[in-house]
Amino acid sequence: KATGGNWNTTSSWVGVEKFYDYWINEANADRHVYSSLSALLQGVQVGDVVQLKDDQNTYETDWYHSIIVTGYDNNKGYLFCGHSVTAEDKRLDSLDPDQKYRVIRF
């Protein structure tokens, strides 16, 4: 709901860790952890929320960003969207191959 030009949001929607905690602990969603991009590409499904891990300690928490797998294209493979225009229907295989990933599956 918008009020005075500002959006009221819940921390479980905008915070990566709180989003994960809610869906795993409160809503009993499935979780999967992958140690590489190739492993992720073998196990991911359209509709999954993929969270990215920061092993460089650049961010406040290890898990710093969420994306949604939005489709599959025979030529491009799995596609994802994030909360920016530059991440609209981007190829999932364009992510860091050595990063760790976790998936929330509804």
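Located above this text is the structure these notes cover.
Rules of the game
Residues numbered from 1 in each chain as written. Predicted model: local features only at pLDDT ≥ 70, side-chain atom pairs only at ≥ 80, totals over all residues. Heavy atoms only, no water. Buried < 20%, exposed > 50% of the residue type's maximum accessible area, 1.4 Å probe, protein only. Helix = DSSP H or I, 4+ residues; strand = E, 2+ residues; numbered from the N terminus. Arc of directions from axis to C-beta. Phe/Tyr/Trp six-rings, centres within 6.5 Å; stacked < 30°, edge-to-face > 60°. Lys NZ or Arg CZ within 6 Å of the ring centre and 35° of its normal. Salt bridge = Lys/Arg side-chain N within 4 Å of Asp/Glu carboxyl O. Core = buried A, V, L, I, M, F, W, Y, C linked by side-chain atoms within 4.5 Å. Contact = heavy atoms within 4.5 Å. Pairing = 2+ DSSP bridges. Axes fitted to C-alpha atoms, helices over the stretch in contact; angles between N-to-C directions.

Draft legend 1. Up close: helix α2 (residues 16-26). Three or more residues of α2 are buried, namely Val-16, Phe-19, Tyr-20 and Ile-24. Buried residues along α2 cover an arc of 110° about the axis, so they all sit on one side. Residues of α2 that are exposed and point over 90 degrees away from its buried face: Asn-25 and Glu-26. Backbone geometry just downstream of α2 places Asn-28 in the positive-phi region, at approximately 60°.

Draft legend 2. Spotlight on the packing of aromatic side chains. Within this structure, the stated rule accounts for four aromatic pairs. Between Trp-23 and Phe-106, the ring centres sit 4.6 Å apart and the planes meet at 80°, which makes this aromatic pair edge-to-face. One end of the pair, Trp-23, is in helix α2; the other, Phe-106, is in the segment after β8 (101-105), with 83 residues separating them in the sequence. Overall, Trp-23 belongs to the partly exposed group, its relative accessible area being 25%. Feature note: the residues Phe-19, Tyr-22, Trp-23 and Phe-106 constitute an aromatic cluster, connected by ring pairs. Residue placement shows Arg-102 over the ring face of Tyr-20; its charged tip is 3.6 Å from the ring centre.

Draft legend 3. Structural context of the pattern of salt bridges. Under the definition given, this model contains three salt bridges. Across the pair Arg-102 and Glu-17 runs a salt bridge whose closest N-O atoms are separated by 3.4 Å. Note that Arg-102 is positioned in strand β8 and Glu-17 in helix α2, a separation of 85 residues in sequence. Among the residues examined, Arg-102 registers a relative accessible area of 6% and is labelled buried. Residue classification places Glu-17 among the partly exposed residues on the basis of a relative accessible area of 26%.

Draft legend 4. Highlighting the nonpolar core. Grouped together as the largest cluster of nonpolar side chains are 14 residues, with contacts concentrated most on Leu-40, Val-50, Ile-67, Leu-92, Leu-95 and Tyr-101. For this core, the secondary structure elements donating two or more residues are α3 (37-43), β4 (49-53), β5 (63-73) and β8. Residues Phe-19, Tyr-20, Ile-24 and Val-49 belong to the second largest nonpolar core, which totals six residues.

Draft legend 5. Geometry of the side chain of Lys-53. One can find Lys-53 in strand β4. Here Lys-53 falls in the buried class, since its relative accessible area comes to 19%.

Draft legend 6. Looking closely at the environment of Trp-63. Summarising the element assignment, Trp-63 is placed in strand β5. If we ignore the near neighbours within four places in the chain, the residues touching Trp-63 are Val-16, Glu-17, Gln-51, Leu-52, Lys-53, Lys-100, Tyr-101 and Arg-102.

Draft legend 7. Spatial organisation of the sheet that holds β5. Ordered in space as β3-β8-β4-β5-β6-β7, the six strands form an open sheet in which the pairing is antiparallel. On the outer flanks of this sheet lie β3 (30-34) and β7 (90-91), each paired with one strand and no other. Pairing analysis gives five bridges linking β5 to strand β6 (residues 77-81), with the strands arranged antiparallel. Counterpart to Ile-68 in the pairing with β6 is Cys-81. Along the sheet, α2 makes contact with β3, β4, β5 and β8, crossing β8 at roughly 45°.

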